[in-house]
Amino acid sequence: MTRSIPGRLHGLHLVLQELFEQQTDELVKLDSYRIDPSLTGHTPRALDELTTTARRALAETAEALQRMNEGTYGICQHCGQHIPLERLEILPSTRYCVPCQRLQRT
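Since the model is a prediction, treat every value here as computed from it, not as a measurement. (Residues numbered from 1 in each chain as written. Predicted model: local features only at pLDDT ≥ 70, side-chain atom pairs only at ≥ 80, totals over all residues. Heavy atoms only, no water.)

A. Main features of the overall build of the protein. A count of helices and strands for the protein gives four helices and zero strands. Ordered by position from N to C terminus, the α and β elements of the protein give α-α-α-α. A compact globule built from 106 residues should have a C-alpha radius of gyration of about 13 Å, whereas the protein, at 16 Å, is more than 25% larger. In terms of overall dimensions, the protein has a C-alpha envelope of 45 × 35 × 20 Å along the principal axes. In the protein, which comprises 106 residues, the proportion classed as buried is 27%. Expressed as a percentage of contacts within the protein between residues at least 6 apart in sequence, the contacts between residues at least 24 apart total 52%. Summed over its atoms, the accessible surface of the protein is roughly 7,300 Å², and 55% of this surface lies on carbon and sulfur atoms. Here the protein holds 12 positive side-chain charges and 13 negative ones, and the gap between their average locations is 8 Å. (Helix = DSSP H or I, 4+ residues; strand = E, 2+ residues; numbered from the N terminus. Rg over C-alpha atoms; globule rule 2.2 N^0.38 Å. Buried < 20%, exposed > 50% of the residue type's maximum accessible area, 1.4 Å probe, protein only. Contact = heavy atoms within 4.5 Å. Areas by Shrake-Rupley, 256 points an atom, 1.4 Å probe, with all protein chains shown as cover. Lys, Arg positive; Asp, Glu negative; His and termini not counted. Charge placed at Lys NZ, Arg CZ, Asp CG, Glu CD.)

In structure tokens:
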């Protein structure tokens, strides 16, 4: 059972749902290009890289929607603090606050 989404997060939920649909469409399109890569002008290797990136983005969006349904969306997965709404508006699928994101890169 999914939880009710609080007011300010409702807009982000809609953004995530739209991103999920767009990313799914993009992945389907990329997969169809494998039949005839020459139609896109991309090499098979470039198509592989684009597909990998699209799958990763789709997975991150799906995970963000799952966290939203579980009630853990907007909580940093490293330190447990709330991620500022402004950051979520810029990167709706983010899992980390800015300080913890910096730690992930090092």
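B. Region of interest: the nonpolar core. Ranked by size, the top nonpolar core spans 14 residues in total, and within it Leu9, Leu12, Leu16, Met68, Tyr73 and Cys76 carry the most contacts. Mapped onto this core, the elements with two or more residues apiece are α1 (7–33), α2 (44–70) and α3 (85–90). Counting five residues, the second largest nonpolar core, distinct from the first, contains Leu30, Leu47, Ala54 and Leu58. (Core = buried A, V, L, I, M, F, W, Y, C linked by side-chain atoms within 4.5 Å.)

C. Broad picture of the environment of leucine 88. By secondary structure assignment, the location of leucine 88 is in helix α3. What makes leucine 88 buried here is its relative accessible area of 2%. Those residues in contact with leucine 88 that lie beyond four places of it in its chain are Leu12, Tyr73, Gly74, Ile83 and Thr94.

D. Structural detail: the state of the cysteines. If you walk through the whole model with that rule in mind, you get zero disulfides. Left unpaired, cysteine 76 is separated from the closest cysteine sulfur, that of cysteine 100, by 3.7 Å. For cysteine 76, a relative accessible area of 3% gives the class buried. This cysteine, cysteine 97, is not joined by any disulfide, and cysteine 100 carries the nearest cysteine sulfur, 3.6 Å off. Residue classification places cysteine 97 among the buried positions, given a relative accessible area of 9%. (Disulfide = S-S within 2.5 Å.)

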